Each structure stands twice: as C-alpha cells, then as structure tokens.
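# Chains, contacts and geometry: an overview
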Amino acid sequence: MATRAKRPRVSGGRPARGPPLRSARRSPARAAAPPAPGPVPLCSFPSPTQSAPSARTRRHPRGLSGAGPRHSAPVSQVSRPRASGESESDPVAGFLTWCRRVGLELSPKVAVTRQGTVSGYGMVACESVLPGELLFAVPRAALLSPHTCSIRGLLERGGHAGGRSHRGGLQSRAGALISVFSPERGALQSQSGWVPLLLALLHELQAPASLWSPYFALWPELGHLEHPMFWPEEERRLLLQGTGVPEAVEKDLANIRSEFYSIVLPFMEAHPDLFCPSVRSLELYHQLVALVMAYSFQEPLEEEEDEKEPNSPLMVPAADILNHLANHNANLEYSADYLRMVATQPIPKGHEIFNTYGQMANWQLIHMYGFVEPYPGNTDDTADIQMVTVREAAIQGAKGEAERLQLYERWDFLCKLEMVGEEGAFVIGRKEVLTEEELAATLKVLCMPAEEFREFKDRDGWREDEWEEDRLTVTNIPKLKASWRRLLRDSVLLTLQTYATDLKTEQDILSNKEIYAKLSWREKQALQLSEVCSGWHILQGINLKTPRTFLGLYLILNLFVLPTHKTSIIKGKA
C-alpha cells in the first residue's frame, strides 16, 4: 500500500523562501477550496530533499472558466484527431468507452462527473462505499509514460537513431519490473528529470491516432491553469509576498526556459516528423510542465530503495481525476499489473471521492497546484522560519561586535554539523516540530554560554543523553529556557515583517461578505493563505504583518512569547 512519505528534516525546508521545481516525492493535490482552478515542482522542480507523499507527484485543481486571464491554449491548435469511441459532445462518455477498451475497471459505485465536485471533473459515489472497497483499477499498459508512449524507443535511446537502450528497472515488492530512465542518459538528461515524459505528452497530443486521446479530453484547458507561474509578475508579488512562492516561481520559469531551449526544442527539431510546428512552443511547454506538476504521479520507492533516485513521473488516467483533501477518503496502491484506488473511509452516497496529493503546506499547494485548502481542512499546513532569520535575530540581539563575531562562529559550526544552511527552513506543524533536531541544535548552540560552546566545539557535538534533555516539541515550547524562547520570539517577529498586509485589514475583508464577494479568485486564495484561525482572538487589533503560513506562526507567536514581554509584543512592539 502506498503511504505518504515523511517530511524531510532540514534541508527539506523551503530553500531561499521557496521550493525549486524538481520532482518531489511528496505529491500534493487539489483542495476542496472555493472555485479552484486546477510535484510537482520541476526544473529546480521540487527538490529531491523535499520528499513527496509516496502516492504521487500530484496535480493542481483545475481552474474554472474565467478564473484569471485567459492564456492561449496551444493544444487546440494541434488539431488533435478524435479517437474512435470518443464522443464529441460528451467527453465523459468517450472516456468511459476508452476505459473499457484498455481494461481500466471502474466500480459501478462511482461516477466521473462535474456535478457535486469541488472543482472541475471529479469522482462521486453513486452508492455508499465501505473502507477497503476497490474504486477503480488502472492496468499499467494504460499509464502514459515515456515507456508506454508511441515514441518510447526513441526516448529510451535518448533521441539517437542508433545505439543500445539505456532502459533499467526496479523490482517492486510484488515482483514487477518497473522500468525507469537511466539518470546517465545524455541527450535528455535534465535537472527536472521530466523531459522524457514531457516529450511523450508533446508527441501524443498531436499524434493522429494516440491511444490516450479520450483521456486528454478530460484534461483542464491548458490556457486556464491557475498556478502562480501564470499570474502577472506584479500580481504574484503583491498577493503572495512573504510566502516564498514568487521567488520559487521565478526560479521555475528560468529553469523551464533553459530546459526548453537547451534540450526539448533541439530534440523536437531533430525529429520534425514526430513533432509538428504547433507543439514546438515555449508557452505550450510551460503549460505542460504545470500539468505534470499538478497531475502526474510518482511511484514510491520501497523502503530498501530509499537512497535511490525517485522514480520518474507518469500520468495515471482516472486517478488524476480525483480532487484533494488532507483528510482524504481514498488512496492509490501499486501492484505488479495494476494501480488501484481503494477507499480508506466510509463514503456516503453522493459524496465526492478524494485522494491526497501528499503532506503539503498551503504555500506548497498554491505553488504546485494553484489552490489552497482553507482552514481547518489542511492539517498538514506548517509554519516555516528561514534558518538565516534565526541567525539574523540572534545577531540583532548581540550586545557588541565581539558577541556578533562569536555568533557567526557558532553559525559556521552549525553549518559544519549540517544542522543549518543558507537556504533551509525550520518547519513547524500543528502537532510536531518537523525539523526538531535542527531547530533544537540551533537554539542550543546560539544561546549557550561561551565556555560551554568551547567545550561543545572541542568534542564536536553533544552526547545522546544531552540531546534527549533538550527535546523540542510543540507542547514543551513554553517550558524551554528563557533565552531559547526569546530567540524564537524575535525570529517570529522578523518573519512577520516579510509580509505585505496587516492583520486588521485582512480580518476586516474576511468578515465582510460583500467586500469578500468582490475579490478575484486569486485574491481569495491569497487571503486563505493568511486567514487566522485558532490564534486570531489573541491577536485582535494587532498591527503585526500577517503571515501567509498563518496558523503555525500565530501559534508560535503565542507559545514563544516570554510572559514578561507578552503585552508589549501583542501591541506590535519588540
């Protein structure tokens, strides 16, 4: 059974205020959010250190018609021929006919529909479903990947007409040989690792008789994708300032452009008989990258394979129709011959079936899928404090140049121990500190007396019994040493200063239905990122900057504040 991967410890933190695009193993998903448009990051594409849920590198919620500016939809220019059995007036009927033809088995208890779903096409229970019941089974031959597409031979040779295949394989627990592309492949090797799949999609979209044409008919309109990478730069920075997403998107766009012109376009131009001029487009490539980021799956590695490179992404028809909830009621399982979606909770008749795209904080969801899951639905939301922010808070509190130099020495020592880095983040969830060891070590080293640090440095770290004494959990934060809590408080306040809007303004908008209704879909999503929940009553009327990863930071602020400073901090003073 596919289980969600545990979050990464440290470097898993958000790099430089935002994740890069490389395929992450922790796959997110689309949320049951307000009108939501519809990795998996990519070229810097989600970083391998950011593990994704073992279920998949998942997708974004489809955008509703009219959500955001309409980009041209190059797919329509490809003049994709309609496959036999595909209904021109009813894409669902054509898709169901295709499912029967390829052996994709749908339970009679489920229906593919737009009615009663949170966004776009989804799957709804026609009858009550019990935990453990099979919802559908997808044969591996129906998966769309570089190994199943009609140009698989060319892709496996890296685009060369001759030479031996570099095809490798992983033995699954069920005994199936799962082929993967060799990372040593020269011509198609890229930072994202997605080039073979993207080329497969570019070819199949315009192939005269693609096996997957009825499946493509259920895709969202590529010109309506709502990932922040398609927002105007000014709007992206205005609405998402402080979340790290604008910085991540800039890296993504640069990497996508580089990958397209250095690898993808030369490959297509070398094979003009396989790629018509209409698909040799950077705009279309952007859109397909976003689609793969939001809709593809990544088969989890077995426990004994954890040190290996993640499996390449693939498209899973039917499975990618499901929307996302953190509290999902279905899960994708992998076996030798089929991928099976199985109910994990009772699903009453008429209720939507939800998968999970992984353990994703809201800033990750908006970046990779174009939506957020409103509070209190996203139980995987986190508060991120950049590691360098803690260093800055400590240095600002130093009482002289000598003390500042000592703090830099301590920071360098923490870097040597690989506890911190210039682009990492400390990640705090609702129930646990996900980077417990790293945050505890940082607080301990930066706050310890000079003599203790010298002894600590001489023995190159601490003993196991010392580590156990300084365990850092959400519940014991109020019991930490005063110097630790003070440094945490100052770090939180510095973090809050990076956000553009103040809490009072956003609280007024959220509480005024008339004003809220006039906001654009993107503005509503941005507000959901900053909506205050359980900590709101404590912060009434404060003129603090609003944290986009709101829940965790408010809880942290409440927990970290020293009793003697509580009043002044609540008034917005350090």
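See the structure shown above.
Below, the structure is looked at part by part. What you are looking at is a predicted structure, and each value in this text was computed from that prediction instead of being measured.

## Concerning the sheet that holds strand 11 (residues 338-343)
Pairing is antiparallel in the open sheet, where four strands are placed in the order 1-4-11-10. Each end of this open sheet is capped by a strand with a single partner; those strands are strand 1 (105-106) and strand 10 (330-334). In this structure, strand 4 (residues 134-139) lies alongside strand 11, joined through five bridges in antiparallel fashion. From the neighbouring strand, Phe 136 faces strand 11, where its bridge partner is Met 341.

## Things to note about the pairing of strand 11
The pairing of strand 10 with strand 11 spans five bridges and is classified as antiparallel. By the bridge assignment for strand 11, Leu 332 is matched with Met 341. Taking the residues between adjacent antiparallel strands as the criterion, strand 10 and strand 11 are bridged by three residues.

## Structural notes on the packing of aromatic side chains
For the structure on display, the rule yields 13 aromatic pairs. Ring centres of Tyr 215 and Phe 216 lie 5.8 Å apart, and the angle between their planes is 40 degrees; this geometry places the pair in the tilted category. Assigned by exposure class, Tyr 215 and Phe 216 land together as buried. Centroid distance Tyr 369 to Phe 371: 6.1 Å. Interplanar angle 50 degrees. Geometry classified as tilted. No difference in accessibility class separates Tyr 369 from Phe 371, as the two residues are buried. Above the ring of Tyr 121, the side-chain terminus of Arg 114 is found at 4.1 Å from the ring centroid.

## Description of the nonpolar core
Soluble globular proteins tend to pack their nonpolar side chains together in the buried interior. Of all hydrophobic cores here, the largest spans 94 residues; its most connected members are Phe 136, Leu 199, Leu 202 and Leu 288. Sort the elements by how many residues they give to this core and helix 7 (residues 282-295) lands first, with eleven residues. Not counting chain neighbours up to four residues away, the residues in contact with Leu 202 comprise Val 264, Met 268, Phe 275, Val 279, Leu 284, Tyr 285 and Leu 288. Ala 398, Val 420, Ala 440 and Phe 453 belong to the second largest nonpolar core, which has 36 residues in total.

## Examining the environment of Leu 197
Looking at the secondary structure, you find Leu 197 in helix 3 (residues 195-206). Spatially, the C-alpha atom of Leu 197 lies 5.7 Å from that of Ser 145, the residues being 52 residues apart in sequence.

## Here's the deal with the pattern of salt bridges
Tallying each qualifying case throughout the model produces eleven salt bridges. Two residues, Arg 237 and Glu 233, come together in a salt bridge whose shortest N-O distance is 3.7 Å. Remark: Glu 233 and Arg 237 occur in helix 5 (residues 233-240); sequence separation between them is four residues, near one turn of the helix. Two residues, Asp 490 and Arg 489, come together in a salt bridge whose shortest N-O distance is 2.8 Å. Classification of Asp 490 as partly exposed rests on a relative accessible area of 22%.

## Things to note about helix 10 (residues 401-416)
With 16 residues, helix 10 extends 23 Å from end C-alpha to end C-alpha; this agrees with the ideal 22 Å at 1.5 Å per step. Within the sequence span of helix 10, burial applies to Leu 407, Arg 410, Trp 411, Phe 413 and Leu 414. Buried residues in helix 10, looked at end-on, bunch into an arc of 160 degrees, giving them a common side. When the buried face of helix 10 is taken as reference, the exposed residues oriented beyond 90 degrees from it are Ala 402, Leu 405, Asp 412 and Lys 416. Tucked inside the fold, the buried residues of helix 10 contact helix 9 (387-396), helix 11 (436-447) and helix 12 (450-458). Where helix 10 ends, the next residue or the one after it, Glu 418, has phi of about 60 degrees, a positive value.

## Focus: unusual backbone geometry
The backbone of Ala 318 sits at a positive phi, close to 80 degrees, despite the residue not being glycine. Inspection of the secondary structure puts Ala 318 in the loop between strand 8 (313-314) and strand 9 (323-324). The phi dihedral of Glu 418 falls on the positive side, at around 60 degrees, and the residue is not glycine. The topology assignment puts Glu 418 in the loop between helix 10 and strand 14 (425-429).

The rules behind the values
- Residues numbered from 1 in each chain as written.
- Predicted model: local features only at pLDDT ≥ 70, side-chain atom pairs only at ≥ 80, totals over all residues.
- Heavy atoms only, no water.
- Pairing = 2+ DSSP bridges.
- Helix = DSSP H or I, 4+ residues; strand = E, 2+ residues; numbered from the N terminus.
- Phe/Tyr/Trp six-rings, centres within 6.5 Å; stacked < 30°, edge-to-face > 60°.
- Buried < 20%, exposed > 50% of the residue type's maximum accessible area, 1.4 Å probe, protein only.
- Lys NZ or Arg CZ within 6 Å of the ring centre and 35° of its normal.
- Core = buried A, V, L, I, M, F, W, Y, C linked by side-chain atoms within 4.5 Å.
- Contact = heavy atoms within 4.5 Å.
- Salt bridge = Lys/Arg side-chain N within 4 Å of Asp/Glu carboxyl O.
- Expected span 1.5 Å × (residues − 1).
- Arc of directions from axis to C-beta.

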